[in-house]
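# Structural description and commentary
Okay, here's what each chain looks like letter by letter:
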Amino acid sequence: PYIYSNRVVWVDERNRNPEDFSGNADIYMYDLSTKKETQITNNEGYPWDPSIYGDKIVWTICPYGDFSDLYDICMYDISTKKEKMITYNGYSYYPAIYGNKIVWEDYRNEYADIYMYDISTSKETRITTNESDRMAPAIYGDRIVWMDSRNGNWDIYMYDLSTKKET
């Protein structure tokens, strides 16, 4: 589960048959203030790893079922009740969101890179470009952090969007 303010989101397999794996998992949200549960997804594919900030929920979606190797990032706007695909490349995982920015781990190149999508401008930006794997990004304010294997082990790196400097 992930939480923001009074909203909790999670992946739920209540509509999936455990014997033959038919049906889909879905993203659900629980509002602590209203005590109301809402099913966010109800489509084909297998959603997982949701994150929430404000009125936006993001998650990884496997549009071809949970045994496919193709994954993308999807977003749901709670206020408009509209879903939007953020990536279409089939190699995007582990989204995190803060404000109008979504970050994720992306394998469209030889190594995993960190990418960012600005919701307000609909612009995608590649944050990392060196030849190593970068994984599990998180974002807060203007700072993006991730695990990075460039030194032969997993270190933590940070990119500051305001200064455009990596540490």
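As a reminder, the structure under discussion sits directly above these lines.
Here goes a summary of the coordinates provided. (Residues numbered from 1 in each chain as written. Predicted model: local features only at pLDDT ≥ 70, side-chain atom pairs only at ≥ 80, totals over all residues. Heavy atoms only, no water.)

For the protein, the helix and strand inventory stands at zero helices and 16 strands. Counting only C-alpha atoms and orienting by the principal axes, one finds that the protein spans roughly 45 × 35 × 25 Å. Looking at the protein residue by residue over its 167 residues, the buried ones come to 44%. Accessible surface, the protein: about 9,100 Å² in total, of which carbon and sulfur atoms supply 49%. (Helix = DSSP H or I, 4+ residues; strand = E, 2+ residues; numbered from the N terminus. Buried < 20%, exposed > 50% of the residue type's maximum accessible area, 1.4 Å probe, protein only. Areas by Shrake-Rupley, 256 points an atom, 1.4 Å probe, with all protein chains shown as cover.)

Taken as a whole and assessed by the stated rule, the structure comprises 11 salt bridges. Across the pair Arg150 and Glu166 runs a salt bridge, and its minimum N-O distance is 2.7 Å. Here Glu166 lies in strand β16 (residues 165-166) and Arg150 lies in the loop between β14 (143-148) and β15 (155-160), a separation of 16 residues in the sequence. Taking the relative accessible area as the measure of exposure, Arg150 reaches 28% and is therefore partly exposed. For Glu166, a relative accessible area of 36% puts it in the partly exposed group. Each of Asp12, Arg14 and Glu37 takes part in one network of salt bridges that share partners. (Salt bridge = Lys/Arg side-chain N within 4 Å of Asp/Glu carboxyl O.)

A word on the sheet that holds β14. Taken in spatial order, the four strands line up as β13-β14-β15-β16 in an open sheet, and their pairing is antiparallel. Looking at the sheet topology across the chains shown, the edges are occupied by β13 (134-140) and β16. As judged from the five bridges shared by β13 and β14, these two strands associate in the antiparallel manner. Residue pairing in the sheet places Tyr140 in a bridge with Arg143 of β14. (Pairing = 2+ DSSP bridges.)

Take the packing of aromatic side chains next. A complete count under the given rule lists 12 aromatic pairs for this structure. Plain terms: the ring middles of Trp48 and Tyr93 are 6.4 Å apart, the flat faces sit at 55 degrees to each other, and that makes the pair tilted. Here Tyr93 lies in strand β9 (residues 92-98) and Trp48 lies in strand β5 (residues 46-53), a separation of 45 residues in the sequence. On the basis of relative accessibility, which here comes to 15%, the residue Tyr93 falls in the buried class. On the basis of an interplanar angle of 45 degrees and a centroid distance of 4.7 Å, the ring pair of Tyr53 and Tyr98 is categorised as tilted. Placement of the pair is Tyr53 in strand β5 and Tyr98 in strand β9, with a sequence separation of 45 residues. Residue classification places Tyr53 among the partly exposed positions, given a relative accessible area of 21%. (Phe/Tyr/Trp six-rings, centres within 6.5 Å; stacked < 30°, edge-to-face > 60°.)

Tracing the backbone through its elements, the reader meets Asp12 in strand β2 (residues 7-12). For Asp12, the side chain forms a polar contact with the main-chain nitrogen of Arg14, separated by 2.8 Å. Sequence-distant contacts of Asp12, that is, excluding residues within four places in its chain, are made with Ala25, Asp26 and Tyr28. (Polar contact = N/O pair within 3.5 Å; in protein donor to acceptor, adjacent residues only side chain to side chain. Contact = heavy atoms within 4.5 Å.)

Moving on, we get to the environment of Cys74. Residue placement: Cys74 occurs in strand β7 (residues 72-77). Note on Cys74: relative accessible area 2%, which makes it buried. Considered as a pair, Cys74 and Met85 are 11 residues apart in the sequence and their alpha carbons are 4.4 Å apart.

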